[in-house]
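# An overview of the molecular structure
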Amino acid sequence: MANLASVSAEVPKKYLWSGGVSPLKASYGKLMMWFFLLSDAFTFSGLLITYGLLRFAHPAYEGKAADFVSSHDYWPIPERVFDAVPFLHGVSLPLVFVAAMTFILILSSVTMVLAVEAGERMDRKNVIKWLLWTIVGGSTFLACQAWEWAHFIHGTDQGILLSDGSRFFGANLVINEYGPPLFASLFFFITGFHGFHVLSGVFLLFIAFYQATTGVYERRGHYEMVEKIGLYWHFVDLVWVFVFTFFYLI
Amino acid sequence: MALEEKSNVIAQPADNAKIKKLWTIAGYLFVLTVIEFIFAYVLPRGVLLYTIFVTLTLVKAFYIVGEFMHLKYEVKVLIWSIVIPSIFVVWLVIALIYEGGAIFNVR
């Protein structure tokens, strides 16, 4: 249905140079979305590789993960830093909350692909339903990240003992209780840049939801906009898969 | 509701096999993340664990890009024009991790 790729196969050869045929059998909008996402992938690679460089430029923690104590002298083990879960104060559950966030984003990716699938069938009801679920998933993820940031900034009960005998709790761009200052800066930059992408995605999804509901796409004759926003949304999920591995696991 | 009644577009029936496949892929992604999570607990930190993590991440990336983003079913030129530039990223990873070690030694 209204798939530009299927149209191009039927166009006679003599019209090939007079427009109407999409290069690479993908519509202009989808193609440009792909190349935008490629450039965005470079940006995220830049951030994650910076993390790798700075981590290797700092001393690593030597010893067992269980005995880990945070210090400004070496890079922290992420699983010992991100071990808090909402409503379970003081309980150490390494990576549980981040894994839950990953599941939420994967689920929202599935609902997004189901919305795209429904759009290909001109099934407005299901497009609306699945877009709404995707918005719910994206918003839940953002809420989780807001909690994660708040916890990171306010810190743990014990904090870190400074050389002047006082204790520092939480994190800012100058000092943090988890490790070298750059650790917190990279946390804010990488998860912040990704979170901003999710936020933009939720806005785009809301626009698509509104336009699908009011029948804009039906009048247009195709749901390609849902497909394009879908590409963006899956990309955001993809980036999180990499952030999960390189920031939280390794 | 009033808007829906005006609609005269008839939706085509859903292809259940296709929808089932999408949920299966979601299941794979779920299981792979669970495996990563369990390995983070049981295996000691080291090169072996990191290799497993990176491999599983690339498998997940393949499923997301190939199936969810549908790249597997696009024409070859489009696939390569997305995949080949990613080689630059691989180069940057190797170059800057090496550079990071050099900075550490100088300090």
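Given the structure is predicted, the values throughout are model-derived calculations rather than measurements.

### As for the overall build of chain B
- For chain B, the count of helices and strands is 5 helices and 0 strands.
- Taken from N to C terminus, the helices and strands of chain B fall in the order α-α-α-α-α.
- At 21 Å, chain B has a C-alpha radius of gyration far larger than the 13 Å of a compact globule built from 107 residues.
- Summarising its shape, the C-alpha atoms of chain B cover approximately 70 × 35 × 30 Å along the three principal directions.
- With 107 residues in all, chain B has 27% of them scored as buried.
- Across chain B, the fraction of contacts at a sequence separation of at least 24, relative to all contacts at a separation of at least 6, is 47%.
- Within the structure as shown, chain B displays about 7100 Å² of accessible surface, and the carbon and sulfur contribution to it stands at 74%.
- Chain B carries 9 positive and 7 negative side-chain charges, and their two centres are separated by 7 Å.

### A word on the environment of A:His154
All names here are of chain A.
- When you line up the elements, His154 lands in helix α5 (residues 124-154).
- Linking His154 and Pro76, residues 78 residues apart in sequence, is a C-alpha distance of 17 Å.
- Setting aside anything within four residues of it in sequence, one finds His154 in contact with Phe169 and Gly170.
- A polar contact of 2.9 Å, which involves the side chain of His154, links it to the backbone oxygen of Ala150.

### Points about the domain arrangement of chain B
All names here are of chain B.
- The domain boundaries assigned to chain B delineate domain 1 (16-73) and domain 2 (74-107).
- A separation of 21 Å is found between the C-alpha centroids of domain 1 and domain 2.
- Taken residue by residue, the interface counts 4 residues in domain 1 and 5 residues in domain 2.
- If you sort the residues of domain 1 by the area they bury against domain 2, His70, Leu71 and Tyr73 come out on top, with a joint share of 88%.
- In this structure, the connection of domain 1 to domain 2 is made through 0 salt bridges.
- Taken together, the residues of the side of domain 1 that touches domain 2 sort by class into 2 nonpolar, 1 polar and 1 charged.

Cut-offs and rules
Residues numbered from 1 in each chain as written. Chains lettered and ligands numbered in written order. Predicted model: local features only at pLDDT ≥ 70, side-chain atom pairs only at ≥ 80, totals over all residues. Heavy atoms only, no water. Helix = DSSP H or I, 4+ residues; strand = E, 2+ residues; numbered from the N terminus. Rg over C-alpha atoms; globule rule 2.2 N^0.38 Å. Buried < 20%, exposed > 50% of the residue type's maximum accessible area, 1.4 Å probe, protein only. Contact = heavy atoms within 4.5 Å. Areas by Shrake-Rupley, 256 points an atom, 1.4 Å probe, with all protein chains shown as cover. Lys, Arg positive; Asp, Glu negative; His and termini not counted. Charge placed at Lys NZ, Arg CZ, Asp CG, Glu CD. Polar contact = N/O pair within 3.5 Å; in protein donor to acceptor, adjacent residues only side chain to side chain. Domains from an automatic or database assignment. Buried area = accessible area lost by both parts, 1.4 Å probe. Salt bridge = Lys/Arg side-chain N within 4 Å of Asp/Glu carboxyl O. Nonpolar A, V, L, I, M, F, W, Y, C, P; charged D, E, K, R; others polar.

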